[in-house]
Amino acid sequence: MAKTSKKKRNVVLAVKEPKALPFWIVFLLFLTTTFIFFYDQIFSNSFFWEDFVEYVYPVQNFAAKTFAKGEIPFWNPYTFAGMPFLSDIQVGFFYIFNRILSLFTISGNNLPVLALELIIILHFLFAQINTYLFARYLKISSYGALISAISYSFSMFMVAHVIHPMIIYHLAWLPLILLYFIKGFEENKIFYSIIAGLILGLTLLSGHPQTTLYVLTLLGMVGIYTLIFYFKGKFNPRYILKALAMFFVPFIVAFGIFAIQYFPSKDLSKYAQRNEVSYQKATEGAFQFKQIYTAIVPKLFGWVEGSQLDNSTFYLRFGEELQIHFFWETTYYFGITSAILGLFAIIFGYRNRYIILFTILSVFGFLFALGGGSPVFDLLYNLPFFGVFRNPGRMIFFLILGMTIMAGFGFDYLWQNAFKNETLIKFVIPLVVATIIALLAASGSFIEIFNAPVIAHQTIKDSGSFALIFILLVATIGILLNKAILTPSVAGIIFSILSFIDLYLVGANFNRNPNNPEKVYEIRPELKAVLTPKIPNEIFRVSSRIYEPIRFMALQRNQGLMDGIMLIDGYNPLILERVLPPLKNSKQVNDLYNVKYEVKIDLEKGTWGFVERENYYPRAWLVDSFVVVKENEIKDYMQKTPIDYRRKVVLEKMPTFVKNTTDSLSDVSVTCLFYSDNYFKYRIKTNKSAFLVLSEIWYPDWKAYVDGIQFEVYRANYCFRAVEIPKGEHILEMKFESSAFKFGAFITSLTIFLVLVGLVLTYRYEIGKHLHFVTSKEHK
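Residues numbered from 1 in each chain as written. Predicted model: local features only at pLDDT ≥ 70, side-chain atom pairs only at ≥ 80, totals over all residues. Heavy atoms only, no water.

A. Local environment of the overall build of the protein. In terms of regular secondary structure, the protein is built from 27 helices and 18 strands. Taking 28 Å as the expected radius of gyration for a compact globule of 780 residues, we find that the protein reaches 30 Å, a close match to that expectation. C-alpha atoms of the protein, sized along the principal axes, occupy 115 × 70 × 50 Å. Across the 780 residues in the protein, those meeting the buried criterion constitute 57%. Considering only intrachain contacts with a sequence separation of at least 6, the fraction spanning at least 24 residues in the protein is 76%. Total accessible area on the protein is roughly 33,600 Å²; 60% of this is exposed by carbon and sulfur atoms. The average position of the 72 basic charges and that of the 57 acidic charges among the side chains of the protein differ by 12 Å. (Helix = DSSP H or I, 4+ residues; strand = E, 2+ residues; numbered from the N terminus. Rg over C-alpha atoms; globule rule 2.2 N^0.38 Å. Buried < 20%, exposed > 50% of the residue type's maximum accessible area, 1.4 Å probe, protein only. Contact = heavy atoms within 4.5 Å. Areas by Shrake-Rupley, 256 points an atom, 1.4 Å probe, with all protein chains shown as cover. Lys, Arg positive; Asp, Glu negative; His and termini not counted. Charge placed at Lys NZ, Arg CZ, Asp CG, Glu CD.)

B. Local environment of the environment of N558. Mapped onto the elements, N558 comes out in the loop between β5 (552-553) and α24 (559-563). Using a relative accessible area of 1% as the deciding quantity, one classes N558 as buried. Taking the C-alpha atoms as reference points, N558 and G570, 12 residues apart in sequence, are found 5.2 Å from one another. If we skip the residues at most four places from it in the chain, N558 touches E54, Y55, P58, T79, Y521, G570 and Y571. Looking at N558, its side chain comes within polar contact range of the main-chain oxygen of E54, at 3.0 Å. (Polar contact = N/O pair within 3.5 Å; in protein donor to acceptor, adjacent residues only side chain to side chain.)

C. Main features of helix α5 (residues 113-137). Across its 25 residues, α5 extends 37 Å between first and last C-alpha, which sits within 8% of the 36 Å expected from 1.5 Å per residue. Within α5, 20 of the 25 residues are buried, leaving the element largely enclosed by the surrounding structure. Positive backbone phi, at 75°, marks K139, one or two positions downstream of α5. (Expected span 1.5 Å × (residues − 1).)

D. View of the sheet that holds strand β14 (residues 702-706). Pairing in this open sheet of five strands is antiparallel, and the strands run β11-β12-β18-β14-β15 from one edge to the other. Here the strands that pair on one side only, and so sit at the sheet edges, are β11 (669-675) and β15 (709-711). Shown here is a sheet whose adjacent strand axes are inclined to one another by a mean of 30°, direction ignored. (Pairing = 2+ DSSP bridges. Axes fitted to C-alpha atoms, helices over the stretch in contact; angles between N-to-C directions.)

E. Fine view of the pattern of salt bridges. The final tally for this structure, using the stated rule, is 28 salt bridges. Across the pair E284 and K281 runs a salt bridge, and its minimum N-O distance is 3.4 Å. For K281, a relative accessible area of 35% translates into the label partly exposed. R394 is the partner of E329 in a salt bridge, and the nearest nitrogen-oxygen pair spans 2.7 Å. Here E329 is found in helix α13 (residues 325-330), whereas its partner R394 is found in the loop between α16 (375-381) and α17 (397-416), with 65 residues between them in sequence. Like R394, E329 is buried. Residues participating in the shared-partner salt-bridge network are K587, D591, E598, K600 and R613. (Salt bridge = Lys/Arg side-chain N within 4 Å of Asp/Glu carboxyl O.)

F. Fine view of a nonpolar patch on the surface. Together, F743, F746, L750, F753, L754, V757, L761 and Y765 make up a nonpolar patch on the protein surface, roughly 790 Å² of accessible area in all. Along the chain, the position of F746 falls in helix α27 (residues 739-779). (Patch = residues over 30% accessible without salt bridge, like charges linked within 9 Å, V, L, I, M, F, W, Y side chains within 5 Å.)

G. Quick peek at the confidence of the model for the protein. The predicted model of the protein has a mean per-residue pLDDT of 93, with 96% of residues at 70 or higher. Note that residues 1-12 has pLDDT below 50 and, in this model, 18 contacts with residues that lie over four places away or in other chains. (pLDDT = per-residue confidence, 0-100.)

H. Local environment of the packing of helix α3 (residues 51-68) against α5. The N-to-C vectors of α3 and α5 enclose an angle of 100°; their axes lie 11 Å apart at closest approach. Between α3 and α5, the crossing angle belongs to the class labelled roughly perpendicular. Residue-level contacts link F52, V56, Y57 and Q60 of α3 to V113, L116, E117 and I120 of α5. Across the contact of α3 with α5, the residue classes tally to six nonpolar, one polar and one charged. (Parallel < 35°, antiparallel > 145°, perpendicular 65-115°, else oblique. Nonpolar A, V, L, I, M, F, W, Y, C, P; charged D, E, K, R; others polar.)

I. Region of the structure containing the environment of V627. Counting through the fold element by element, V627 comes out in strand β9 (residues 625-628). Taking the C-alpha atoms as reference, V627 lies 8.2 Å from E652; in sequence the two are 25 residues apart. Excluding its chain neighbours within four sequence positions, the residues that come into contact with V627 are Y637, K648, V649, V650 and L651.

J. Here's a closer look at the side chain of N417. Structurally, N417 is set in the loop between α17 and α18 (421-442). On the accessibility criterion, N417 (12% relative accessible area) is buried. A distance of 3.4 Å separates polar atoms of two side chains, one belonging to N417 and the other to K420. When residues no more than four places from it in sequence are discounted, the contact partners of N417 are F348, T423 and N482.

Following this line, the structure appears as structure tokens:
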């Protein structure tokens, strides 16, 4: 372990570098940690919760079932009376692991919740493997890499955002993207830059615009920093061009792969509600400076657990608001081991260029996460895209990644600089800082400083005591390692186990909710039979919520995506701008929505039920009278003008051939022949030219064909559709045809082809040539 010369005045002590762990052992270790952390969900004893239940599960269920039938779900007719589905970027339809879910719905049944949970859990295994590989590439020992991987992957930021798995998917692949991005520069090979772009592009398809923006920002910063070292003494045109290629290729490749999602989503943004995000709004969910202490005492401001929502002790206010969702938007605990080792690495290895890089990233992410008043946030807020998102605290993952990677360096510094007093002195500094913070919590001093409510007192003290125990263990192991009493391999394994136990005890319960999402969406078979449309003969919608005299919801907001019930309600972060008719009369609103059943509540009896509405409007009907109103006046007009919508339609554009006449419609019929999510067909008979008004939400990608000839689809009654129908008997077909999707699909297909060609060529000229050179040298 240690070698000592015989001369007392010149003692040379060196700890032998530990042998790297075989990857199969590393893999099994990560498989074990993942299983232990999520065993409760794997055995269906508890379940993920919150947005996972409300949004993620029903959305992925609909996507999986539709794709299993061999269809692409362009349109969702079951939420908000109909809205684009594939264009919604957060659906992540083209993310490969989302599409694997379709294998579980081939039988036509709903997606098993365990299948979706396992896909999410699998990404914690990916995160560990990718972080480990990245750390190893940075020359961190395999044991230091274990510490980094476990601390990053099971950090509270990752664990708490299981309810937003799109964020997890981005961050699980980020370390691998960074590995190949940096490797391209350091080995001067575009081959690796292409791989980085390929992985980045596939990651972006998982769908979370805010995290995408932050990941691209981080990559840009890493790229600029790496270019500084790449250009050192190499300022010639050839190096400059290659450097620029290695910098931009990953972004270009990623965009090309992402194009199939980007262009439809860009089109959707033109018609979606534009919630103006003011400066104040953009700072909602910002990290508060005092939360820095939670790196040591994670429950300093209380806690939230999926199994004990009613007993939440979280008390930190953001502005005047106290809402528990701010907890998971700002929690970031990554373990006491990595907090101490990471800070030690900064103090000891501040000249190492990787330490400098990750320190810059950590500070940058921390300052941006602080939101309003922070110079970094104020600078970026005025740049494109940064000002449209709330929850700037999400950028705290810069700090988590930086500190956990530096923890691996810190571990190596301890054994590589054994027996040096300077090493121990610098190691003691973060230990002292952590101990002071823990003591302030354990003693109750923080309770007074932060005016904590009584309900959180014991939680804070216990968290402080918990921290003191782990600080003592980290200190003991670190000193024994530095004194060469423990070998690096033994100390590394202990540190890794300690990190996992720490993070498991703190975070494992967060996602343990007792409610099975499949049970949450269960409804009585007889009720489902009544509320489900009988296609194509009887198509209708259901109103499942009331707001007066009390607020009441009879079905889950996204019940329609689970059971094929066409609702006028829903839950989605993105909603079309025009989706609700501007009418004060709720009866007329439900008429235009084609609502057959609406929920009613009897307050005296304490009962509720669905009631069939008399004379509800059909899904499509003919009118021969119209009025044209300017776009900016239609809301006011419909609110103030009495209109019989069975006889008249409100348009925003003059029709081509339908005229307002005194002749009345007679001998007319409208029969639905076929109806599906992306296509439907009607047979229409009319004695005069008229408008077919459809209780279908208008969107420009819906195209109408009358007897095979394309006709214009008018925006009618503010948010619905209408098509001119000539006199006689005709067949109307309406198809969802997106030119943006076709263009994006072409760009993505072309990109994948060029990527494959590029990989073959660059491998041959960059990798293959190098291998041939090495082989030839060995033969000599």
